[in-house]
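# Structure assessment
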Amino acid sequence: GDFVFDSMLRPSEIKPSPRAMWQHFYGYTVQFDSDVFDANIPDFMNFNTQVESDCHFIYILPFNSRRALIEYTIFSAEMLKEQDYIRLLERWINTHFGDQHYEILGKEFSAIPMTDAYFDPQPHPRHIKIGTAGGYTNPATGYTFYHTQQRLKALSTQLVKGEWPDNRQSLWQRRFHWYQATLLEVLSSRTLKAHEVFIE
């Protein structure tokens, strides 16, 4: 092929940074016996976790009124052991849903690097890094999907026009990197508590 589009992120490509953190999360897909969710309303970054160290919050992504993905998410420099995620997640579920019975249909764990270190989006003119590996992840929130769609749309438009694909961003576009690094500095230094940053 003429080009390699590469989304693989190798550990060696994550450069050290004093503001480097991880967004790591452990989740259950659960099925309750009764209606407990509003199927039309996801719950993003719910900081009602009763944990104020680091940045802890919950995602609830409902499939219907009884089934949802519930994820316990943490921003921190170090990841936990599996049993610690399970303890935090199950404590939250039991606190908020009481003694209502639920079945665990699936589990997931992942981690996203949150760092202001530079990811080379095009290490060779024909080698194009995409997704997190290409620096598409917002290092202050972990959000990647929307930005990836925008960047891939631009690349595909260039290819359709017969242009050479350019995956790099202009200096003006990269100004947001400075804003994100500032927020990472606040979170990693614990200058303010995370819920104060995101809510207040």
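Residues numbered from 1 in each chain as written. Predicted model: local features only at pLDDT ≥ 70, side-chain atom pairs only at ≥ 80, totals over all residues. Heavy atoms only, no water.

Next up on the list: the pattern of salt bridges. When charged atoms on two side chains of opposite charge get close, those side chains can pair. Under the counting rule described, the total for this entry stands at 5 salt bridges. Among the salt bridges present, the one from Lys129 reaches Asp6, with a minimum N-O distance of 3.1 Å. Pair noted here: Lys129 is in strand S7 (residues 127–129) and Asp6 is in strand S1 (residues 4–6), with a separation of 123 residues, a long-range link. As far as the burial class goes, Lys129 and Asp6 line up, both buried. Note that Asp84 is salt-bridged to Arg87, the shortest N-O span being 4.0 Å. On the criterion of helical spacing, the pair formed by Asp84 and Arg87 is a turn pair, its members being 3 residues apart in helix H1 (residues 82–97). (Salt bridge = Lys/Arg side-chain N within 4 Å of Asp/Glu carboxyl O. Helix = DSSP H or I, 4+ residues; strand = E, 2+ residues; numbered from the N terminus. Buried < 20%, exposed > 50% of the residue type's maximum accessible area, 1.4 Å probe, protein only.)

So, on to the packing of aromatic side chains. We describe a pair of aromatic rings using the distance from one ring centre to the other and the angle between the two ring planes. Taken as a whole, this structure holds 14 aromatic pairs when the rule is applied. Seen from their ring centres, Phe32 and Phe97 are 4.9 Å apart, and the 45 degrees between their planes marks the pair as tilted. Here the residue Phe32 occupies a position in strand S2 (residues 21–32), and Phe97 occupies one in helix H1, the gap between them amounting to 65 residues. Ring centres of Phe57 and Tyr59 lie 5.4 Å apart, and the angle between their planes is 80 degrees; this geometry places the pair in the edge-to-face category. By relative accessible area, which is 8% here, Tyr59 ends up buried. Taken together, the aromatic side chains of Phe32, Phe37, Trp92, Phe97 and Tyr102 make up a single cluster linked through ring pairs. (Phe/Tyr/Trp six-rings, centres within 6.5 Å; stacked < 30°, edge-to-face > 60°.)

As a further point, take empty space enclosed by the protein. Space left empty within the atom packing is revealed by a probe, the size of a water molecule, rolled over the atoms. A full pass over the atoms with the stated rule returns 1 cavity of 30 Å³ or more. Of the volumes computed, that of the largest cavity is approximately 60 Å³. Asn48, Thr49, Gln50, Tyr72, Leu88, Arg91, Trp92, Thr95 and His96 together form the lining of the largest cavity. Ranked by the residues each element gives to the lining of the largest cavity, the list is headed by H1, at 5 residues. Looking at side-chain class alone, the lining of the largest cavity contains 3 nonpolar, 5 polar and 1 charged residues. (1 Å grid on protein atoms, 1.4 Å probe; cavity = no way out; pocket = protein on both sides within 12 Å on 5 of 7 lines; lining within 4 Å. Points joined across faces, edges and corners; volume = space filled by probe spheres on them. Nonpolar A, V, L, I, M, F, W, Y, C, P; charged D, E, K, R; others polar.)

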